[in-house]
Amino acid sequence: MNASAPQAARQTDAAPAPETLTGAQIVVRLLEHQGVTTVSGIPGGAILPFYDALSASEKIRHVLARHEQGAGFIAQGMARASGQPAVCLASSGPGATNLLTAIADAKLDSIPLVAITGQVPRSMIGTDAFQEVDTYGLTIPITKHNFLVNSAEELLEVIPRAFTLAASGRPGPVLVDIPKDVQAQAIEVSEWPAPGGRQALPAPDMAAIEKAAAMINAAERPILYLGGGVVHSGAAEAAVALAEKASLPTTMTLMALGAMPVDHPLSIHMLGMHGARYTNLLLEECDLLIAVGARFDDRATGKVAAFCPKAQIIHIDIDPSELDKIKNAHVGIAGDVGEVLEKLSPLVEAHLRKRWLTHMGDLRSRFRLQRPNLEDPRSHYGLIQAVADCLDDSAAIATDVGQHQMWVAQAYPLRRPRQWLTSGGLGTMGFGVPAALGAALAEPERTVVCFTGDGSILMNIQELATIAEAGANLKIVLMNNDALGLVYQQQELFYGKRYFASKFAGQPDFLKIAEGFGIDTLDLDTAADPRAALRQALQRPGPCLIHAFIDMNEKVYPMVPPGAANTDMIGG
């Protein structure tokens, strides 16, 4: 026994024995090492070797979407809710092209996504083989990076690298296209790479930070302008602390809503095309604009030349290419906004700008956002308020794209970062329902509510089957106005009331459709007590479709006309 002990010790200390694995098995193992527990997708011929390997995994749950675009948005919902890269899958050809919209949406909103697609065998690439498209070429403009994998060995480097790229710097989507024969290729693996992760950035320019602090200390009418980058970096708490220390009225882009609680005394809510009138008026008067993680999007700025005309600009962004791209900054600071704020805040003096805050309060009282019929749960604003009254701040709120999106942005009391999931840069109808499912999968302890419209829900309505199958705690509030509401509104206001292709001649029975998919329903229009019925539906576990008709003549006001300055907004 004594003689065998050293031999046993040597066997214990030895490196793991090499394994012979296919490319598909390697990808599954790497995803497991990465900590991925849920993926969404649809199989097809060119990715079947991977799916065959995935079937043996005891660590990864596969969510079978009903359309690849839905799979992409499910992954986006997981990533938006968690802040971590999420994975979607598709086969070659139409499977890959169906993913493109979700990938482009992730690119514009800086969402970390890893899309894995199957491709025809290497020997058939370029031959117009069945279900072959140039996925690599198609996705170059809409990804941070993409890979066409040429061997199973490459996967050991490519998969961790994809996660690193998706999460590092400005987050975004990365595509990995894997030919079918590479998935089937068997190699010996003796050593596994470390999982990919977010890489540290170079330290920000301290001289620029010191200059920015001096500008803030000297300003009389400063405004803090928060963008989605504040949420992505986890810097919302630091931003609020800076605002409180220096008495900075704080506005948020559509993507930053929730970074500062909407009812915080310094919050002046959302700026831009559908922001409150007082917000845009206050921005016109500011003498210093501190833009943090925001990219001066046209929906926020209106006519760029007229945006904050009296202000010096401090611009802090993780992406150096955003600095001076649209508005020239007097001080531009490239770096993670959380790290920049951490270094900036101690240099900023505590300052009670009583005159400026009093003026802010005066403008707010004179030009407050109008929300008519707020007490009627069957009206647009009233329904949003009634839903909010039934929930606490732990609920996640998703929207599709259209009038309902803007009404919710204006009216829902968002109070925490990552509470709000919406398609900002690309403005994709069909985003809401699958993205909300992704959020519910990532955070099953939360209630997730998706506000949608009759135009948007029809774009990915097939994912109701996925929702029912998953049993997700997801409530869909369908605001049905029998129209493409924003299109209809613009035709009325700017196209001489020439309504064309914006009103639906016929509509399906959405309640019956949801019931057909196995989802509970509530018709708010026939409920004897709509508030009580709404509360019961929202508190009941599992999915539910809540339907309410909204007058198609209701508008989103205020509204900045196309090409106009924010101060030229109409209505509201």
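Residues numbered from 1 in each chain as written. Predicted model: local features only at pLDDT ≥ 70, side-chain atom pairs only at ≥ 80, totals over all residues. Heavy atoms only, no water.

A. Local environment of the sheet that holds strand β15 (residues 396-399). The 6 strands lie next to each other as β16-β15-β17-β18-β20-β19, forming an open sheet whose pairing is parallel. The open sheet has two edge strands with one neighbour each: β16 (420-421) and β19 (520-523). (Pairing = 2+ DSSP bridges. Helix = DSSP H or I, 4+ residues; strand = E, 2+ residues; numbered from the N terminus.)

B. Representation of the sheet that holds strand β11 (residues 267-270) in the model. Ordered by their spatial adjacency, 6 strands build an open sheet running β11-β10-β9-β12-β13-β14, and the pairing between neighbours is parallel. The sheet terminates laterally at β11 and β14 (331-334), the two strands that pair on one side only. Strand-to-strand twist of the sheet, defined as the mean angle between neighbouring strand axes without regard to direction, takes the value 15°. Along the sheet, helix α9 (residues 206-218) contacts β12 (288-292), β13 (312-317) and β14; its crossing angle with β14, the most-contacted strand, is approximately 135°. (Axes fitted to C-alpha atoms, helices over the stretch in contact; angles between N-to-C directions. Contact = heavy atoms within 4.5 Å.)

C. Examining the pattern of salt bridges more closely. Throughout the structure, instances matching the rule amount to 17 salt bridges. Note that R221 is salt-bridged to E220, the shortest N-O span being 4.0 Å. Accessibility expressed as a relative area gives 57% for E220, which makes it exposed. Here E322 and K325 are joined by a salt bridge, their closest N and O atoms 3.0 Å apart. (Salt bridge = Lys/Arg side-chain N within 4 Å of Asp/Glu carboxyl O. Buried < 20%, exposed > 50% of the residue type's maximum accessible area, 1.4 Å probe, protein only.)

D. Highlighting the pairing of strand β6 (residues 145-148). Direction of pairing for β6 relative to strand β7 (residues 173-179): parallel, over a ladder of 4 bridges. Note on β7: the bridge partner recorded for L148 is D177. Handedness of the crossover joining β6 and β7 through helix α7 (residues 152-167): right-handed. (Right-handed = clockwise from strand over helix to strand, strands pointing away.)

E. Just the side chain of D336, in detail. Within the secondary structure, D336 is located in the loop between β14 and α14 (337-344). Separated by 3.0 Å, the side chain of D336 and the backbone nitrogen of G338 make a polar contact. In contact with D336, not counting residues within four places along its chain, are R198, L201, S233 and I318. (Polar contact = N/O pair within 3.5 Å; in protein donor to acceptor, adjacent residues only side chain to side chain.)

F. Here's a closer look at the environment of I519. Here I519 lies in the loop between α22 (510-516) and β19. A C-alpha to C-alpha distance of 5.7 Å links I519 and C544, two positions 25 residues apart in sequence. If we ignore the near neighbours within four places in the chain, the residues touching I519 are L464, I467, A468, A514, P543, C544 and L545.

G. Examining the packing of aromatic side chains more closely. Counted according to the given criterion, the structure contains 7 aromatic pairs. Ring centres of F50 and Y51 lie 6.1 Å apart, and the angle between their planes is 90°; this geometry places the pair in the edge-to-face category. With relative accessibility at 3%, the residue F50 sits in the buried group. On the accessibility criterion, Y51 (12% relative accessible area) is buried. Judged by centre distance (5.4 Å) and plane angle (75°), the ring pair of Y225 and F296 falls under edge-to-face. A residue pair is termed long-range when its members are at least 10 positions apart, and Y225 in strand β9 (residues 222-226) and F296 in the loop between β12 and α13 (298-301) qualify at 71 residues. Note on accessibility: Y225 and F296 belong to one class, buried. Linked through ring pairs, Y225, F296 and F307 together constitute an aromatic cluster. (Phe/Tyr/Trp six-rings, centres within 6.5 Å; stacked < 30°, edge-to-face > 60°.)

H. View of the packing of helix α12 (residues 277-285) against helix α15 (residues 354-366). At their nearest, the axes of α12 and α15 sit 9 Å apart, and the two run at 145° to each other. Two packed elements cross with a definite hand, and for α12 against α15 that hand is right-handed. Taking contact as the criterion, the partners of Y278, L281, L282 and E285 in α12 are, on α15, W356, H359, M360, L363 and R364. Classifying every residue of the contact of α12 with α15 gives 6 nonpolar, 1 polar and 2 charged. (Left-handed = near helix turned anticlockwise from the far one by under 90°. Nonpolar A, V, L, I, M, F, W, Y, C, P; charged D, E, K, R; others polar.)

I. The arrangement of the nonpolar core in detail. Counting residues in hydrophobic clusters, the biggest one holds 98 residues, and the most contacted among them are L289, L344, V387, Y412 and F451. Excluding residues within four positions of it along the chain, L344 makes contact with I209, A212, A213, I216, L242 and I316. In this structure, A65, A396, C450 and I461 belong to the second largest nonpolar core, which totals 46 residues. (Core = buried A, V, L, I, M, F, W, Y, C linked by side-chain atoms within 4.5 Å.)

J. Summary view of the environment of A396. Along the chain, the position of A396 falls in strand β15. Sequence spacing of A396 and R446 is 50 residues, and the spatial spacing of their C-alpha atoms is 6.9 Å. If we ignore the near neighbours within four places in the chain, the residues touching A396 are R416, Q419, L421, T447, V448 and V449.

K. Inspection of unusual backbone geometry at higher detail. The omega torsion of the bond from Y557 to P558 falls at -5°, within 30 degrees of zero and hence cis. Phi is positive for Q131, close to 60°, though the residue is something other than glycine. Along the chain, Q131 falls in the loop between β5 (113-119) and α6 (135-139).

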